[in-house]
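Single-letter residue listing:
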Amino acid sequence: MQPFTLLIKPSGSDCNIDCSYCFYKDRPSEFGHGKQRMSDEVLEKLVCDYMRLGFAVSGFAWQGGEPTMMGVDFFRRAVELQTEYGSPGQQVSNTLQTNGVLLDDNWCRFFCDNKFLLGISIDGPKEFHDRYRIDHSGVGTFERVMRAIETCKKHAVEFSALVLLNNINVERPDDLFDFCIENDLTYLQFIPCVETDPATGRPADFSITARQYGDFLCRLFDLWCNYGTEKLNIREFDSLVTHYVMGKHTICTYSKQCAGFVVIEHTGDAFCCEFFVEPEWRLGNILETPLEKLAADRKKRAFARDKEKLCNKCLLCRHLDICRGGCMKDRSRWNDAGNKRESYFCESYKQFFDYTVPRFMQIAAAIMDGSLSRHTRSADRIRLKIEK
């Protein structure tokens, strides 16, 4: 079986803050509402089934909502189960995406001891971050997140900064970049925000336009090159470098198929993708069907192939080999003619690739001839090795 990563939502869409642009706002009932918690039965079944598949690296990606609402003992139990059901020498990768609000010394000692890699959401300086990332009382969370980042550094916890690009910070790439450098945030991911306003059916006010995203990426690339590409890891850029060095991408946005994940909800329900938690793409429940069968389900195979159904504009594009149509969540659904449309960010990608591809190829060539090093993490620092 082709290896895949589990994307696990132990607290469902439940969260301890109330971001204005939250992905789960105005989503259908399939996402659940209120307090959602994964049972020990579901946890043990998913860990048991997955570890026994025997992948060289078993990847657990813990997301939400806010997964730290489960409490640190839940994750201690998860690590115990990984050790119990794993084989000697098997490696485990645990990543956890968090808003950081609950992180303290206790959490960070656990993360360091068990080699968790965190993704911490921070939208830049206080004036940017607190615009949308607020708690249920309407209070900004910037100070709490920065305190969490400092606690992670204190305990040598590996983490990346996840910046959601909205209509405010996307216009200020220099300020965002300076903030990251000043705070020693050297592993970065910039995520474009586009959500639909249910009242109008158009992009919500906090969404970014394709032109804004293209301009941002081009300016960010220049800042990255001027600062030193070997000093800073930007996930989107790293994927393109890897494409030219090794012939493959490291992010699913640019992959040929969507096959790298199986999503497990807190109930044990399995889906093809976190952006398609819909009845059409429900694979079953791990308490009823072994994970191996869910991962090989015909719906999963169909979903993976669906990304290859590109519109004529994509098929004729000079950047097809790099882009592969982008993420399916950014494409329109089937139109009246029965053809897929291009990504909402199509023009962004064209602008960016036209501007940067020759330099990406130069960077890749320098890496391959040994004249340029890459800014990467040691796998030993972010993977557990099962020892019995």
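Residues numbered from 1 in each chain as written. Predicted model: local features only at pLDDT ≥ 70, side-chain atom pairs only at ≥ 80, totals over all residues. Heavy atoms only, no water.

(A) Region of the structure containing the overall build of the protein chain. Helix and strand counts for the protein chain stand at 13 helices and 11 strands. Compactness check: the protein chain gives a C-alpha radius of gyration of 20 Å against a globular reference of 21 Å for 388 residues, within 12% of the reference. In terms of its C-alpha atoms, the protein chain occupies a principal-axis envelope of roughly 50 × 50 × 50 Å. Residues counted as buried form 55% of the 388 residues belonging to the protein chain. For the protein chain, restricting intrachain contacts to residue pairs at least 6 apart in sequence, the fraction spanning at least 24 positions comes to 72%. Carbon and sulfur atoms make up 47% of the accessible area of the protein chain, which totals about 17,500 Å². (Helix = DSSP H or I, 4+ residues; strand = E, 2+ residues; numbered from the N terminus. Rg over C-alpha atoms; globule rule 2.2 N^0.38 Å. Buried < 20%, exposed > 50% of the residue type's maximum accessible area, 1.4 Å probe, protein only. Contact = heavy atoms within 4.5 Å. Areas by Shrake-Rupley, 256 points an atom, 1.4 Å probe, with all protein chains shown as cover.)

(B) Representation of the pairing of strand S2 (residues 57-62). With 5 of its 6 residues buried, S2 lies for the most part within the structure. Inspection of the sheet shows strand S1 (residues 5-8) paired to S2 by 3 bridges, in the parallel sense. Across the sheet, residue Ile8 finds its bridge partner in S2, namely Trp62. Note: S2 against strand S3 (residues 91-98), 6 bridges, orientation parallel. Bridged to Trp62 within S3 is Leu96. Read from S2 through helix H2 (residues 72-85) to S3, the crossover connection turns out right-handed. (Pairing = 2+ DSSP bridges. Right-handed = clockwise from strand over helix to strand, strands pointing away.)

(C) Expanded view of the pattern of salt bridges. Within the structure shown, the criterion is met by 26 salt bridges. The partner of Arg172 in a salt bridge is Asp175, and the shortest N-O contact between them spans 2.5 Å. By relative accessible area, Arg172 is classed as partly exposed at 32%. Asp222 is the partner of Arg359 in a salt bridge, and the nearest nitrogen-oxygen pair spans 3.3 Å. Taken together, the positions of Arg359 in helix H13 (residues 346-368) and Asp222 in helix H7 (residues 210-227) put the pair 137 residues apart, joining distant regions of the chain. A single salt-bridge network, built from bridges that share partners, covers Asp40, Glu44, Arg77 and Glu80. (Salt bridge = Lys/Arg side-chain N within 4 Å of Asp/Glu carboxyl O.)

(D) View of the packing of H2 against helix H3 (residues 105-113). Packing of H2 against H3 leaves a shortest axis separation of 11 Å and a crossing angle of 10 degrees. Taken together, the axes of H2 and H3 are roughly parallel relative to one another. For H2 against H3, the interelement crossing comes out left-handed. Here Val72, Phe75, Arg76 and Val79 of H2 come into contact with H3, specifically with Asn106, Trp107 and Phe110. Residue composition of the contact of H2 with H3, by class: 5 nonpolar, 1 polar and 1 charged. (Axes fitted to C-alpha atoms, helices over the stretch in contact; angles between N-to-C directions. Parallel < 35°, antiparallel > 145°, perpendicular 65-115°, else oblique. Left-handed = near helix turned anticlockwise from the far one by under 90°. Nonpolar A, V, L, I, M, F, W, Y, C, P; charged D, E, K, R; others polar.)

(E) Looking closely at the pairing of strand S4 (residues 116-121). The buried fraction of S4 amounts to 6 of the 6 residues, a majority that puts the element mostly inside the structure. Residues Phe116, Leu118 and Ile120 line one face of S4 and the alternating positions Leu117, Gly119 and Ser121 line the opposite face, and both faces are buried. In the sheet, S3 pairs with S4 via 5 bridges, with the strands oriented parallel. Counted as the bridge partner of Leu96 is Leu118 from S4. Note that the unit made of S3, H3 and S4 has a crossover that is right-handed. Examined bridge by bridge, S4 and strand S5 (residues 158-165) share 5 bridges and lie parallel to one another. Each residue of the ladder has a partner; that of Ser121, found in S5, is Leu162.

(F) Looking closely at the packing of helix H1 (residues 40-51) against H2. With their axes 9 Å apart at the nearest point, H1 and H2 run at an angle of 35 degrees to one another. Viewed along their axes, H1 and H2 form a crossing whose handedness is right-handed. Together, Asp40, Leu43, Glu44, Val47, Cys48 and Met51 of H1 and Phe74, Arg77, Ala78, Leu81, Gln82 and Tyr85 of H2 make up the contact between the two elements. Here the residues of the contact of H1 with H2 are counted per class, giving 8 nonpolar, 1 polar and 3 charged.

(G) Representation of unusual backbone geometry in the model. For the bond running from Gly64 to Gly65, omega is 15 degrees, close enough to zero to count as cis. If you check the backbone angles, Asp184 has positive phi at about 55 degrees while not being a glycine. A positive phi angle is found at Arg324, which is not glycine, with a value near 55 degrees. Looking at the secondary structure, you find Arg324 in the loop between helix H12 (320-323) and H13.

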